[in-house]
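Structural features, examined
What follows is the residue order along each chain.
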Amino acid sequence: MTKIKACLFDLDGVIVDTAKYHYLAWRRLAKELGFDFTEEHNERLKGISRMDSLEILLEVGGLTLDENVKVKLAEKKNNWYCEYIAKMTPDEILPGTKEFLELLRGNKIKIALGSASKNSMSILTNVGLVNHFDAIVDGNNITHAKPDPQVFLLGAKELGVAPEECVVFEDARAGIEAAINAGMYSVGIGDPKILNKANIVVSSLKEMTLEKLNSQIYCKGA
Ligand code: B16
Ligand code: MG
């Protein structure tokens, strides 16, 4: 039977809800460019890198722009986003997260972050969670975006744990696919219809227990 030795967490949508700040900043950019960007459009950006998100936004607005202009627009959006996240406090940690991280640490299970964001350090610092992680891998360390497994494989490597002993916690379909591609187990946080490839789906980390972590679900074929 497989014993889980490490847990890897996505950031946006799992630890904190920064999607709302991404949305405010992208909508502000769209407005400046002369079109509307709805919350429905924003759903398409979850878990996607900053430049890929900009491509989707420009597609929504029907705009084709030069690469150097795109880089400046992404920078502008990021500056606004950084202003929003600078005001984040520990109150914004999603329900059950801190308790679950502490439960894992108390049971000697290693913890890593595996996020596409290049702003993860500021976010974790502002909400007071940096010291809860044994390794932090984010958009600054990777060249391939989810569903590529790079971010999670690097996390497992930094922790010194084999992929088959790891569980990934993710809110995005691309993130669950990245976990599968890494040969890891996965827990979806959110809608079971969207996250149907995960081993199990819960509505928040408040529902997670050690029993669920080591349950039969993870031991299929092990
Ligand atoms: P940044 P995750 C992702 O974080 C977000 O879900 C996605 O919306 C964002 O575009 C991406 O990070 C890049 O973020 O602009 O801060 O580098 O879900 O992988 O933790
Ligand atoms: Mg996410």
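Now for a look at the structure at hand. Quantities reported herein were computed from a predicted structural model and do not represent experimental measurements.

**Points about the coordination of the magnesium ion (ligand 2)**
Within the first shell, the magnesium ion (ligand 2) binds the protein through Asp10 (OD), Asp12 (O) and Asp171 (OD), at distances of 2.0 to 2.2 Å. Donor residues for the magnesium ion (ligand 2), ordered by position in the chain, follow D-x1-D-x158-D. Here Asp10 falls in the buried class, since its relative accessible area comes to 5%. Relative accessible area serves as the criterion here: at 19%, Asp12 is assigned to the buried category.

**Things to note about the site of ligand 1**
Surveying the vicinity of ligand 1 reveals 18 residues, the closest of which are Ile48, Ser115, Ser117, Lys118 and Asn119. Note that an oxygen atom of ligand 1 is positioned 3.0 Å from one of the backbone N or O atoms of Leu45. Contact with the protein chains removes 97% of the 470 Å² of surface that ligand 1 exposes when unbound. Here the residues of the shell around ligand 1 are counted per class, giving five nonpolar, seven polar and six charged. Here the shell around ligand 1 spans two domains, since at least three of its residues come from each of domain 1 (6–16 + 92–217) and domain 2 (19–85).

**Some thoughts on helix α3 (residues 50–61)**
The end-to-end C-alpha distance of α3 is 17 Å, a good match for the 16 Å that twelve residues give at a rise of 1.5 Å each. Among the residues making up α3, those that are buried are Ser53, Leu54, Ile56, Leu57 and Leu58. Those residues of α3 that are buried lie in contact with α1 (19–33) and α4 (67–85). Gly62 sits one or two residues past α3 and shows a positive phi near 65 degrees.

Reading guide: rules and limits
Residues numbered from 1 in each chain as written. Chains lettered and ligands numbered in written order. Predicted model: local features only at pLDDT ≥ 70, side-chain atom pairs only at ≥ 80, totals over all residues. Heavy atoms only, no water. Donors = N, O, S within 2.8 Å, 3.2 Å for Na, K, Ca; no water. Buried < 20%, exposed > 50% of the residue type's maximum accessible area, 1.4 Å probe, protein only. Near = heavy atom within 4 Å. Polar contact = N/O pair within 3.5 Å; in protein donor to acceptor, adjacent residues only side chain to side chain. Areas by Shrake-Rupley, 256 points an atom, 1.4 Å probe, with all protein chains shown as cover. Nonpolar A, V, L, I, M, F, W, Y, C, P; charged D, E, K, R; others polar. Domains from an automatic or database assignment. Helix = DSSP H or I, 4+ residues; strand = E, 2+ residues; numbered from the N terminus. Expected span 1.5 Å × (residues − 1). Contact = heavy atoms within 4.5 Å.

That's the geometry; what it means functionally is another story.
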